[in-house]
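One letter stands for each residue in the lines below.
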Amino acid sequence: MVRIRGRSRAVSVPDSTGRRPWSVLSVRSVAGQVFVLQVVIVLLLVVAAGAELVLQARHDTDSEARNRSLAVAQTYANSPGIVAALRSPNPTAILQPSAEAARKATGVDFIVVTNTDGIRYTHPKPDRIGKKFVGNIGPALAGQPVVENVNGTIGPLVQAIVPVDAPDGTVVGLVSAGIRTAEISSTANRQLPLLLASGAGALALATAGTALVMRRLRRQTHGLGPAEMTRMYEHHDAVLHAVREGVLILDGGGRLVLVNDEARRLLDLPEAAEGRPLDGLGLDRPLTVLLTSGRTVTDEVVRAGDRLLAVNIRSTEVKGGPPGIVVTLRDSTELQALSGRVETVGRRLKLLYDASGAIGTTLDVARTAQELADAAVPAFADFVTVDLAEAVLRGEEPPADRFGRPPQMRRAGHSGVRPDSPFIPVGESVPLVPDTPRARAMDSGSALIADDLAAAFEAWQAYQPERANGVRDYGVHSLLTVPLQARGVVLGMASFWRSERPEGFDEDDRSLAEELVARAGVSIDNARRYTREHAMAVTLQHSLLPGGLPEQSALDIAYRYLPAQAGVGGDWFDVIPLPGARVALVVGDVVGHGLHAAATMGRLRTAVHTFTALDLPPDELLGHLDDLVNRLDQDGSLDGDAPITGATCLYAIYDPVALRCTMARAGHLLPALVHPDGSVEFPELPAGAPLGTVGMPFEAVDIDLPEGSRLVLYTDGLVEDRRRDIDEGLEALRTTLAAHPNGTPEQTCDTVLARMLPASPTDDIALLVARTRALPADRVAVWDVPADPSAVSVIRGEVSRRLEQWGLDDLVFTTELVLSELVTNAIRYGGGPIGVRLLLDRTLICEVSDAGSTSPHLRYAASTDEGGRGLFLVAQFAERWGTRYTPTGKVIWAEQTLP
């Protein structure tokens, strides 16, 4: 295109081809008009969206600020410890750090705590603390929250003021949270440039689209004139007669309008065929009927003489054309012979595709073998049997016999077109009979086809005549047997049998069977290795759990431990007798599955036993356990081991003399407590963080448990699964326990599992039920001892009389000796008050308490030393002895075996 520009106008002239170019974006053209319409629509949409964004942002600014500030203020006002902090001597020291942390976590601009006079205790700017709060505090002092718009010290904002209520209902302070409206509206301001950029992009796309459409129209028309059209027709006519596909055009009256050379050859038409009616061309009747049917046809095969023609028929009236039809013909005589083979190959490919998705859906060896059998029936064989080595079914590798004997086989899968199969059923041992196709295939390690089974039947009859005759009577005539291998190791045999269909197996069938069995072999080997690892993990897990309950008199205990159906978890429990007739109960859970979780559980359980030997309170024991987990994680990180994260633990100590239970937990679920009257509660215990997470201290709680109370400890697998959340599970546990208030611990375990056990547990379940007992009062003796050495003889006399009452005359001398040493040490080194307590349980327990905090140590005195042999004598005469600390001092105890 050439454009000549003058002073005032530009003139378009034809280019060298003689065609006048089109102005792409001229308003007179359709493309230009469409472009203008697109621009108007885009502009209107951008304006409407911008207005909507601004209006909605203004509305959302105030609503978002009000909702967020009120929620933050109410949450902080109801947080634990705020009432005590407001009543403390220095509320600012306690509340300022937590208020700032809450402000940063929630995204508000300030959280201010004031007293009832409006004097600030907290503020983001410390210099504002102690000054008067700006806002209407009247409704909040009356107990009602208020939200207001004010111009505060940090600018225009929305603030909420809520009261802080004491347990008696009085207002002890106020909490205000606020947010600047500018923080909220900034979101809308950030979206406005994006909207404008989108509008600009839409305009650019509209311009480019219009230009592309015009270029495509100009490229398709080419501005052709009569000469070009004539030349194009000649080319089309030449192509029409040169193609290797017959073409016929019939008008609306059924006359032949056009026929190409290939159609003349296929239909044997005469030279003057054009213009004649269809029924006068001498065509075969099936083809004539099809051409006059008036319907659209796609690749319909019709016989024409000795040819098979693929016929396509389309109407010429589409898009306003003249009435008539266009017929295309293809000679498919040679292709028809290949269609059956192609169809067979397609069925085999579909079989392999379907089998790939159906085999190996689980990590179960027997299930995978059955999936292989099911995948091949009836598409490939009438009967399929899969036999695996017995070691493979156990998760082991089949042993290599140095004498060449095959491994012992067992039927793992069977499928057939008829239910009354004569083959050996699943689960029974399958002999590998010598001189049979299956034995030869096992020896060679490759697939084998046997179309003549007469010799094989004779060999089978020598071992199992009834089954051999049954297989023959079924008409089984062909066998394709394939060794099932993985990593070069033979895992078993897959045998394909045909009886219903007359044809036997061929080489293509052998290739298909080998591919099918090879895929199944990989899945079976994966399942075998999983079975082995799972068995190892289960064995490790069971070896790390308690083998039974220890002997003790404080609690009547029953437990249940149910592993998950898949994988091995890290749940554990323990019952540990403590000095003084006390018993420790432990329940823990390591998040995750597998060997790592089981090994971690064992390490934690061993650590709990170690710390229990120190007779530590529950909170201190969890603190030591948390510190140990942190050290293990630090050491393990150097070797690439996974950290012990997500481990929880609940530790409780029950004293049958005081009828009191001391508990502490590290992120574990609350225990359930069933009172003797049948009421159920979940006692409030400070949650604590899971072990190894933050290193925060733990808190213990003392709970009085009357005799006959039941304490239920459990892991989350009991109350939580995929179909219910943990709150529903806890409520179900409460209902179950309340419905059976008088059951024994064993009955309680059975009832809880019967009502709450999921159909397919995905996590381990540990359940521990303990019913409290009280040590009878006549088996407890307590004396206060003056801090005077002369009191030792008096105590010896009292103890001797009490032992005679208990019928323990044989222990009088030993007990007097032990108590004399312990009481003398308490008087000399401990300081008052000093107490002596005798407990008659499974052993005789002697306890001496004092106010000292120094633990005695056993040492060997020299022959020249005058003292230092007291504890040595105690250790020799007592079965066990030790020290435990109390809030007021310590207790030295010694146990003696009853005669």
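Numbering of residues begins from 1 in every chain and follows the order in which that chain's sequence is written. Reporting in this predicted model follows two pLDDT cut-offs: at least 70 for local features of residues, and 80 or more for side-chain atom pairs to be given and counted; totals over whole chains, interfaces and linings ignore these cut-offs and use all residues. Values reported for side chains reflect all heavy atoms of the structure, with hydrogen atoms and water molecules removed beforehand.

1. Details of the overall build of the protein chain
Each helix corresponds to a stretch of at least 4 residues labelled H or I by DSSP, and each strand to a stretch of at least 2 residues labelled E; elements are numbered beginning at the N terminus. Scanning the protein chain from N- to C-terminus turns up 22 helices and 32 strands. Think of it in three bands: with a 1.4 Å probe and only protein chains considered, a residue is buried below 20% of the maximum accessible area for its type, exposed above 50%, and partly exposed in between. Per-residue burial for the protein chain yields a buried fraction of 43% across its 899 residues. What makes two residues a contact is simply this: any of their non-hydrogen atoms within 4.5 Å. Relative to all contacts within the protein chain whose residues are 6 or more apart in sequence, the contacts with residues 24 or more apart total 61%. Using a 1.4 Å probe, the Shrake-Rupley method yields the accessible areas, and only the shown protein chains count as cover for residues. Summing over all exposed atoms, the protein chain offers an accessible surface of approximately 46,100 Å²; the carbon and sulfur share of this is 55%.

2. Quick look at the packing of helix 13 (residues 454-461) against helix 14 (residues 465-473)
Here helix 13 crosses helix 14 at 155°, and the two axes come no closer than 7 Å. If you check the angle between helix 13 and helix 14, you find them roughly antiparallel. Between helix 13 and helix 14, the contacting residues are Phe457, Trp460 and Gln461 on the first element and Pro465, Ala468, Asn469, Val471 and Arg472 on the second. Residues are sorted three ways: Asp, Glu, Lys and Arg are charged, Ala, Val, Leu, Ile, Met, Phe, Trp, Tyr, Cys and Pro are nonpolar, and all the rest, Gly among them, are polar. Each residue belonging to the contact of helix 13 with helix 14 can be placed in one class, and the counts come to five nonpolar, two polar and one charged. The axes used here are C-alpha line fits, helices contributing only the stretch in contact, and every angle between their N-to-C directions lies in the interval 0 to 180 degrees. We call two directions roughly parallel when the angle between them is under 35 degrees, roughly antiparallel when it is over 145, roughly perpendicular when it lies between 65 and 115, and oblique otherwise.

3. Side note on the confidence of the model for the protein chain
On average, residues of the protein chain carry a pLDDT of 81, and 84% of them reach 70 or more. Per residue, pLDDT measures the predictor's confidence, with a range of 0 to 100. Predicted confidence for residues 1-25 stays below pLDDT 50, and this span has 33 contacts to residues more than four positions away or in other chains. Confidence drops under a pLDDT of 50 for residues 861-868, and excluding neighbours within four residues, the segment shows eight contacts in the predicted structure.

4. Observations regarding the pairing of strand 6 (residues 171-180)
By the criterion of burial, strand 6 is predominantly enclosed, with eight of the 10 residues buried. A strand pair is defined by DSSP finding two or more bridges across the two strands. As defined by bridge partners, strand 3 (residues 110-114) adjoins strand 6 across five bridges and the pair is classed as antiparallel. Bridged to Val112 within strand 6 is Ser176. As judged from the nine bridges shared by strand 5 (residues 155-165) and strand 6, these two strands associate in the antiparallel manner. Bridging across to strand 6, Leu157 finds its partner in Arg180. Taking the residues that link successive antiparallel strands as the turn, the strand 5-strand 6 hairpin has five residues, and the phi of Gly169 there is positive, at about 95°.

5. Topic: the nonpolar core
Residues enter a nonpolar core if they are buried and are Ala, Val, Leu, Ile, Met, Phe, Trp, Tyr or Cys, with the set joined through side-chain atoms within 4.5 Å. One finds Leu585, Tyr714, Leu718 and Leu733 to be the most contacted residues of the largest nonpolar core, which totals 70 residues. Sort the elements by how many residues they give to this core and strand 21 (residues 647-655) lands first, with seven residues. Among all residues touching Leu585, those that are not within four sequence positions of it are Leu555, Ile557, Asp574, Val575, Leu650, Tyr651, Ala652, Leu711, Leu713, Leu768 and Ala770. Residues Ala369, Ala412, Val482 and Ala486 belong to the second largest nonpolar core, which totals 35 residues.

6. Focus on the pattern of salt bridges
Salt bridge, as used here, is a side-chain nitrogen of Lys or Arg placed within 4 Å of a carboxyl oxygen of Asp or Glu. Counted by the stated rule, this structure contains 36 salt bridges. Its salt-bridge partner being Arg487, residue Asp525 comes within 2.8 Å of it at the nearest N-O pair. Placement of Asp525 in helix 15 (residues 507-544) and of Arg487 in the loop between strand 16 (478-486) and strand 17 (489-498) is noted, with a sequence separation of 38 residues between them. The class of Asp525 is buried, set by a relative accessible area of 2%.

7. Details of the packing of helix 18 (residues 726-739) against helix 19 (residues 745-756)
At a minimum axis separation of 10 Å, helix 18 and helix 19 run at an interaxial angle of 135°. Judged on the interaxial angle alone, helix 19 and helix 18 are oblique. Along this stretch, helix 18 crosses helix 19, giving a crossing that reads as right-handed. Counting all contacts with helix 18, which are made through Gly729, Ala732, Leu733, Thr736 and Leu737, the residues of helix 19 involved are Thr748, Thr751, Val752, Arg755 and Met756. Handedness of a crossing follows from how the near helix is turned relative to the far one, being left-handed for an anticlockwise turn of less than a right angle and right-handed for a clockwise one.

8. Things to note about the layout of surface pockets
Approximately 840 Å³ is the volume found for the largest pocket. Broken down by secondary-structure element, the contributors of at least two residues to the lining of the largest pocket are helix 17 (618-639), strand 21, strand 22 (660-666), strand 29 (834-840), strand 30 (843-850) and strand 31 (880-886). Split by residue class, the lining of the largest pocket holds 13 nonpolar, four polar and nine charged. A pocket here means an open set of points on a 1 Å grid, computed over the protein atoms alone, that has protein on both sides within 12 Å along at least five of seven lines. A cavity is instead a set of points where a 1.4 Å probe fits but cannot get out; residues with an atom within 4 Å of a point line either one. Grid points are joined across faces, edges and corners, and a volume is the space filled by probe spheres set on the points.

9. Looking at the side chain of Asp382
Looking at the secondary structure, you find Asp382 in the loop between helix 10 (365-375) and strand 12 (383-389). Judged by relative accessible area, Asp382 falls into the buried class, the value being 3%. Whenever two N or O atoms come within 3.5 Å, that pair is a polar contact, provided that in protein one can donate a hydrogen and the other can accept it, and provided that, for residues adjacent in sequence, both atoms are side-chain atoms. Within the local environment of Asp382, its side chain forms a polar contact with the backbone nitrogen of Ser499, the two atoms lying 2.7 Å apart. Side-chain polar atoms of Asp382 contact the backbone nitrogen of Glu500, separated by 2.7 Å. Ignoring sequence-local partners within four residues, the contact set of Asp382 consists of Val377, Ser415, Gly416, Val417, Trp497, Arg498, Ser499, Glu500 and Arg501.

10. Considering unusual backbone geometry
Pro378 follows Val377 through a cis peptide bond whose omega is 0°. Tracing the chain through its elements places Pro378 in the loop between helix 10 and strand 12. Residue Asp435 is not a glycine yet carries a positive backbone phi of 60°. For Asp615, which is not a glycine, the phi torsion comes out positive at approximately 55°. Residue placement: Asp615 occurs in the loop between helix 16 (595-612) and helix 17. Residue classification places Asp615 among the buried positions, given a relative accessible area of 8%.

11. Some details on the sheet that holds strand 17
Consider a sheet: its strands pair through backbone hydrogen bonds, and that pairing is either parallel or antiparallel. In spatial order, the strands read 14-13-12-17-16-15; together these six strands make up an open sheet with antiparallel pairing. Of all the strands in the sheet, the pair left with one neighbour each is strand 14 (429-430) and strand 15 (448-450). Packed on one face of the sheet, helix 10 meets strand 12, strand 13 (409-416), strand 16 and strand 17 and runs near 40° to strand 13.

12. Comments concerning the side chain of Thr328
With respect to the helices, strands and loops of the structure, Thr328 is situated in strand 11 (residues 324-331). Ignoring anything within four residues of it in the chain, the contact list for Thr328 reads Glu245, Gly246, Ala310, Val311 and Asn312.

13. So, empty space enclosed by the protein
In this structure the tally under the stated criterion is two cavities of 30 Å³ or more. Put simply, the largest cavity is a space of about 270 Å³. Surrounding the largest cavity, 17 residues form its lining, Phe423, Ile424, Trp460, Gln464 and Trp497 being those nearest its centre. When residues in the lining of the largest cavity are grouped by element, the largest group, three residues, is from helix 14. Here the residues of the lining of the largest cavity are counted per class, giving 12 nonpolar, two polar and three charged.

14. What to know about helix 20 (residues 791-805)
Under the convention used throughout, the expected extent of a helix is 1.5 Å for every residue step, that is, one less than its residue count. A rise of 1.5 Å per residue sets the reference length of helix 20, with its 15 residues, at 21 Å; its end C-alpha atoms lie 22 Å apart and thus fit the reference within 8%. Contact partners of the buried residues in helix 20: strand 28 (780-785), helix 21 (812-830), strand 29 and strand 30.

15. A few points about helix 3 (residues 91-106)
With 16 residues, helix 3 extends 22 Å from end C-alpha to end C-alpha; this agrees with the ideal 22 Å at 1.5 Å per step. Listed as buried for helix 3 are Pro91, Leu95, Gln96, Ala99, Glu100, Ala102 and Arg103. The arc that holds every buried residue of helix 3, seen down its axis, measures 165°, which confines them to one face. Exposed side chains of helix 3 directed beyond 90 degrees from the buried face belong to Pro97, Lys104 and Ala105. Positioned one or two residues after helix 3, Gly107 has a phi angle of 85°, which is positive. An arc is given here, and it is the one of the directions from the helix axis to the C-beta atoms.

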